[in-house]
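Residue strings, one per chain:
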Amino acid sequence: MSSKHKSRTKRHFTLAGAGILAAVAAVATVTVASASQEKPGQERLSQARLSQAEPRMAQAGNAVFVQGNELAGNTVHAFKRAADGALAEAGTYSTGGLGGSQINAPTDSLASQGSLVHDRRSGLLLAVNAGSNTVTAFHAAGVKLTARQVIASGGDFPSSITVSGKLAYVLDAGGTGTIQGYRITKDGLTPLTGSSRSLGLANKAVPLFSSSPGQIAFTPDGHDLVVTTKSANIVEVFPLANDGTPATAKPVSTPSAGAVPFAITFDRRDHLLIGEAGKSTVTTYQVRRDGSLKVLQAPLTNGQQVLCWLERAGKFFYGGNTGNSTVSGYVQDKHGKLALSNEAGIAAAPSPQSQGVIDLAVTPDAKFLYVQNATSGTIDGFRVGRTGALTKVATTTGLPAFGKSGMEGIVAD
């Protein structure tokens, strides 16, 4: 998510997850071997697989990217998006790193939100390589990815990325848990000196599913970083200095109002919403000037099982409930109060090809929602109606289904 810096006034946010940030050693760029003459850390990208019919290059705003997260070699699967929301395969790209899977992960190998991010301002598509502790940056032009750069993540098991303006931060879920910042330049990512911090966790290099942090996200004004932790039940906030580095050695910690904070999103008033997996709830917060949090709306339950992902589509919000493979819908009134969009709490019911709901992505115009189904290895596409109702427009099959690992991370452009 890219945001312009605004005046540092009172900021409100709705949290879908909370976590702690961690100190890491300075990262170093990993130079990828290439047969062609490229700048260090970059190489021209060859497609590993194309659909039988050569697709026309998509224009900006009609592509969907899915991270395969394969253990033997991570990939990004590109799809061309038609006007009706249907997807057509347009190629598979190697990230130059390895996918990963957390210990005891039930359906989602990375146990995070935001593992694949598209920054429309710079044109970069950023992916985590959890199995090789690196981040990959591509230049995205429609469905075509070029100029691959692979760079160290600064810690163990990178699982989530966030972007604001010319800054990017990655969250490493393993070990003590770390955050690491980068400058976004015309040549890709450059490590930001003095930006790494520790979350003070006690995970192994490959973390336990329940104890890893869930997401890192910039606040909309770019002044703070928010991190969710699951078993710690804490939301961590790092206020940022003018140079983009964390202004404090340790984050400002607030106990989560709901159990197992996981996913983070923001409403149109810059309220922070956090999705909590413990009882499938969403809590709305205000982020104060000092980085502390104030509950604006107590945890709202959806009656479903294991809400872990939460995304906004205009005034509507959609949550992925991996426990029973449903998608919940929410709507805000003019005062910012959140409510379920229907009594049942289900915007999209499960189907035989829609098992293991995990990550979600919304198109920039908020007209389409795409849902990853980890167990089925499918992507469901939905049209967002005027009332927030979802109408399925397509199901795309053949993606890496959850086993020893599975796909996680999706972007809709």
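All figures in this text were calculated on a predicted structure; none of them were measured in a lab.

Focus on the environment of Glu89
With respect to the helices and strands, the residue Glu89 is situated in strand S6 (residues 87-94). When the C-alpha atoms of Glu89 and Phe79 are compared, they prove to be 4.6 Å apart, with 10 residues separating the residues in sequence.

Let's talk about the side chain of Thr219
Note on placement: Thr219 falls in the loop between strand S16 (213-218) and strand S17 (224-229). In this structure the side chain of Thr219 is engaged in a polar contact, spanning 2.8 Å, whose partner is the side chain of Asp221.

Some details on the side chain of Gln332
With respect to the helices and strands, Gln332 occurs in strand S26 (residues 326-332). The buried category is assigned to Gln332, whose relative accessible area is 9%. Engagement of the side chain of Gln332 in a polar contact is seen with the backbone oxygen of Gly336, the distance being 3.3 Å. With sequence-adjacent residues up to four places away left out, Gln332 is seen in contact with Asp267, Arg269, Lys315, Phe317, Lys337 and Leu338.

A closer look at the confidence of the model for the protein
Summing up the model confidence of the protein, the mean pLDDT is 87 and the portion of residues at 70 or higher is 85%. Scored below 50 in pLDDT, residues 1-60 makes 226 contacts in the model with residues more than four places away or belonging to other chains.

Points about the nonpolar core
Core analysis: the biggest nonpolar cluster contains 30 residues, and Tyr318, Val327, Tyr330, Leu369 and Leu390 have the highest contact counts within it. Looking at this core, the elements with two or more residues in it are strand S20 (261-266), strand S24 (307-313), strand S25 (316-321), S26, strand S28 (357-362), strand S29 (368-373) and strand S30 (378-384). With 5 residues, the single largest contributor to this core is S24. Listed in part, the 18 residues of the second largest apolar core include Val117, Ile151, Tyr182 and Leu189.

What to know about the pairing of strand S31 (residues 390-396)
As defined by bridge partners, S30 adjoins S31 across 6 bridges and the pair is classed as antiparallel. Bridge assignment links Val384 to a residue of S31, and that residue is Leu390. Linking S30 back to S31 in an antiparallel pair, the connection comprises 5 residues, with Gly388 at a positive phi of about 95 degrees.

Remarks on the sheet that holds strand S27 (residues 338-340)
Strand pairing in a sheet relies on backbone hydrogen bonds, with the paired strands running either antiparallel or parallel. Spatially, 4 strands are ordered S24-S25-S26-S27 in an open sheet, and the strand pairing comes out antiparallel. The strands lining the two open edges of the sheet, one partner per strand, are S24 and S27. Across the sheet, the mean angle from the axis of one strand to that of its neighbour is 30 degrees, orientation sign disregarded. Note: S26 against S27, 3 bridges, orientation antiparallel.

Quick look at the packing of aromatic side chains
Geometrically, a pair of aromatic rings is defined through the distance of the ring centres and the angle of the planes. Enumeration over the complete set of coordinates arrives at 3 aromatic pairs. Judged by centre distance (6.5 Å) and plane angle (65 degrees), the rings of Tyr93 and Phe138 are edge-to-face. With Tyr93 in strand S6 and Phe138 in strand S9 (residues 134-141), the pair connects residues that are 45 residues apart, well separated along the chain. Comparing Tyr93 with Phe138, the two get one shared label, buried. Consider the rings of Phe262 and Trp309, whose centres lie 5.3 Å apart with planes at 55 degrees: the pair is tilted. Remark: Trp309 occurs in strand S24 and Phe262 occurs in strand S20; sequence separation between them is 47 residues. Neither Phe262 nor Trp309 differs from the other in exposure class; each is buried. Over the aromatic face of Phe209 sits the side chain of Lys230, whose NZ or CZ is 5.8 Å from the ring centroid. A cation over a ring is seen here: Lys230 above Phe262, with NZ or CZ 4.8 Å from the ring centre.

Rules used in this analysis
Residues numbered from 1 in each chain as written. Predicted model: local features only at pLDDT ≥ 70, side-chain atom pairs only at ≥ 80, totals over all residues. Heavy atoms only, no water. Helix = DSSP H or I, 4+ residues; strand = E, 2+ residues; numbered from the N terminus. Polar contact = N/O pair within 3.5 Å; in protein donor to acceptor, adjacent residues only side chain to side chain. Buried < 20%, exposed > 50% of the residue type's maximum accessible area, 1.4 Å probe, protein only. Contact = heavy atoms within 4.5 Å. pLDDT = per-residue confidence, 0-100. Core = buried A, V, L, I, M, F, W, Y, C linked by side-chain atoms within 4.5 Å. Pairing = 2+ DSSP bridges. Axes fitted to C-alpha atoms, helices over the stretch in contact; angles between N-to-C directions. Phe/Tyr/Trp six-rings, centres within 6.5 Å; stacked < 30°, edge-to-face > 60°. Lys NZ or Arg CZ within 6 Å of the ring centre and 35° of its normal.

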